[in-house]
Amino acid sequence: MSTFVVLGAQWGDEGKGKMTDFLAESVDLVVRFQGGNNAGHTVVVGESKYMLHLIPSGILYDDKLNILGNGTVIDPEALFKEINYLENLGISVTPEKLLISDRAQVIMPYHRLMDNLSEKSRTDSIGTTGKGIGPSYTDKAERSGIRMCDLIKPVVFKRKLAENIKIKNELLVKIYNAEPLDFDEIYKEYSAYAEKLIPFVQDTSVRLYDEIKAGKKVLFEGAQGMLLDIDYGTYPFVTSSNTIAGGVCTGTGIGPTMVNGAVGVAKAYTTRVGEGPFPTELTDATGDWIREKGGEVGVTTGRDRRCGWLDLVILKTSARVSGLTNLVVTKIDTLAGLDKIEVCVGYKFNNKVIDYFPASLEDLAECEPVYETFDGWGEEAAIAKTYDELPKNAQIYLERIAEFTGVEVSIVSVGPKRDQTIVVNEI
Ligand code: GDP
Ligand code: IMO
Ligand code: MG
């Protein structure tokens, strides 16, 4: 497989950063196609731990080209903060290693403000990361957004910013009762970012197409997860982009015939940050035990992650909507020590058992998870180097995942480090 996407198959934080880093070794390009600095991808290399939010995880290698595709939303302030963070750790971030699509949308200060204000004004808040993601995609769809190609042209930027500030200030003052923004201040600050961005910005669709045609290998790095997808997630408790495999084409400017595979990453259990439904959530001591053992705290917001049993209805839905060719199951080591482990294999709904995720949250609220019980396994899971070295009960668990979803489990992760990765079948 020479071009493939690595996707979250649940509600995000499945270990995509680790898997992208692991799989990136054998590719030439790593490309983000959606989302922004709402993501938090942790990569452990040797004794060092890196937290990436916006920049593709391939940046940790010297010889990979990383791209932020047109489907991403980019906050220049956050981008340069992340570049500084990496450079302070000895990782260079140059235009030879990172390119930004000229069509990517720019997150402006008013997007961050609106994100927080609209959260406060909602009856049921979403629990967003507050990074301005939703308002930025709103402006894109509304056709008032500022793209990278606009930001780096002073005359265009000035005109578009003036139009935006006029409208946003009306909203800020009249609807939200907040302070208006100062055009000059923002223009000055963002013009300085624009200067620094120029060498990174180009038509990345053209570059990507040429690289693929030349036989280069590409890994598309997903952010968030299937259930945070704007169309297939638990709407409205979702992010504002297409996190599923379809997002690769619209978010990078290549056709579906150029994407050879889709690798879904799933934790051995389920977590979620922010509000919204979660059928297999454990609000009891077992949930606390998983959170504690798995270190389930958000990378971007520091919030505790909600924890629950593995939900195979979710994985089956992911397999369908993203056409998954392979599955990666992470954190098998975290569950070690539990006597019994439950796995959801259907939802009881209207006197039937369904194996797909319903659109309506009202229907979802009526769904009652149907569980299968598995025997637990011991701590030797964390030191297994091969599939055969995994505890037998962990193997039974993994085989059930593959059987239910119809997708082979190609990689099993038993710890955060690169060498705690068991390749069952080469991807
Ligand atoms: P991402 O957003 O999908 O990249 O995932 P996050 O980085 O937000 O969260 C995953 C967390 O689990 C990180 O702290 C990883 O270092 C860690 N991790 C990844 N795979 C494993 C694993 O197999 N076992 C354990 N114990 N931790 C893992
Ligand atoms: P990674 O890539 C987990 C969640 C937020 C909130 C909802 C909308 O690390 O898996 P947004 O700021 O995007 O408008 O928030 O989506 N969310 C994530 N949850 N992992 C992420 O990214 C997330 N990015 C956004 O908590 O519920
Ligand atoms: Mg994360």
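Residues numbered from 1 in each chain as written. Chains lettered and ligands numbered in written order. Predicted model: local features only at pLDDT ≥ 70, side-chain atom pairs only at ≥ 80, totals over all residues. Heavy atoms only, no water.

**With respect to the site of ligand 1**
Inference 1: Around ligand 1 there are 19 residues in total, and Lys16, Gly17, Thr42, Asp333 and Ser413 lie nearest to it.
Inference 2: Take glycine 17: an N or O atom from its main chain is 2.7 Å from an oxygen atom of ligand 1.
Inference 3: At a separation of 2.5 Å, an oxygen atom of ligand 1 approaches a polar side-chain atom of serine 413.
Inference 4: Considering ligand 1 on its own, with 580 Å² of exposed area, one finds that the protein chains cover 91% of that surface.
Inference 5: Looking at the shell around ligand 1, the elements that each hand over two or more residues are α1 (16–24) and β3 (41–45).
Inference 6: Ranked by residues supplied to the shell around ligand 1, first place goes to α1 with 3 residues.
Inference 7: Looking at the shell around ligand 1 residue by residue, the classes come out as 3 nonpolar, 9 polar and 7 charged.
Inference 8: The residues that make up the shell around ligand 1 include at least three from each of domain 1 (3–100 + 200–262) and domain 3 (266–423). (Near = heavy atom within 4 Å. Polar contact = N/O pair within 3.5 Å; in protein donor to acceptor, adjacent residues only side chain to side chain. Areas by Shrake-Rupley, 256 points an atom, 1.4 Å probe, with all protein chains shown as cover. Helix = DSSP H or I, 4+ residues; strand = E, 2+ residues; numbered from the N terminus. Nonpolar A, V, L, I, M, F, W, Y, C, P; charged D, E, K, R; others polar. Domains from an automatic or database assignment.)

**Section: the site of ligand 2**
Inference 1: In the vicinity of ligand 2 lie 20 residues, with Asp13, Lys16, His41, Thr129 and Thr239 positioned nearest.
Inference 2: Contact distances for ligand 2 include 3.3 Å between an oxygen atom and a backbone N or O atom of glycine 127.
Inference 3: Measuring from an oxygen atom of ligand 2, one finds a side-chain N or O atom of threonine 129 at 2.6 Å.
Inference 4: Calculation on ligand 2 without its partners gives an accessible area of 550 Å², and the protein chains cover 98% of this total.
Inference 5: Its residues assigned to classes, the shell around ligand 2 shows 7 nonpolar, 10 polar and 3 charged.

Interpretation note: all reported values are geometric properties and have no functional meaning in isolation.
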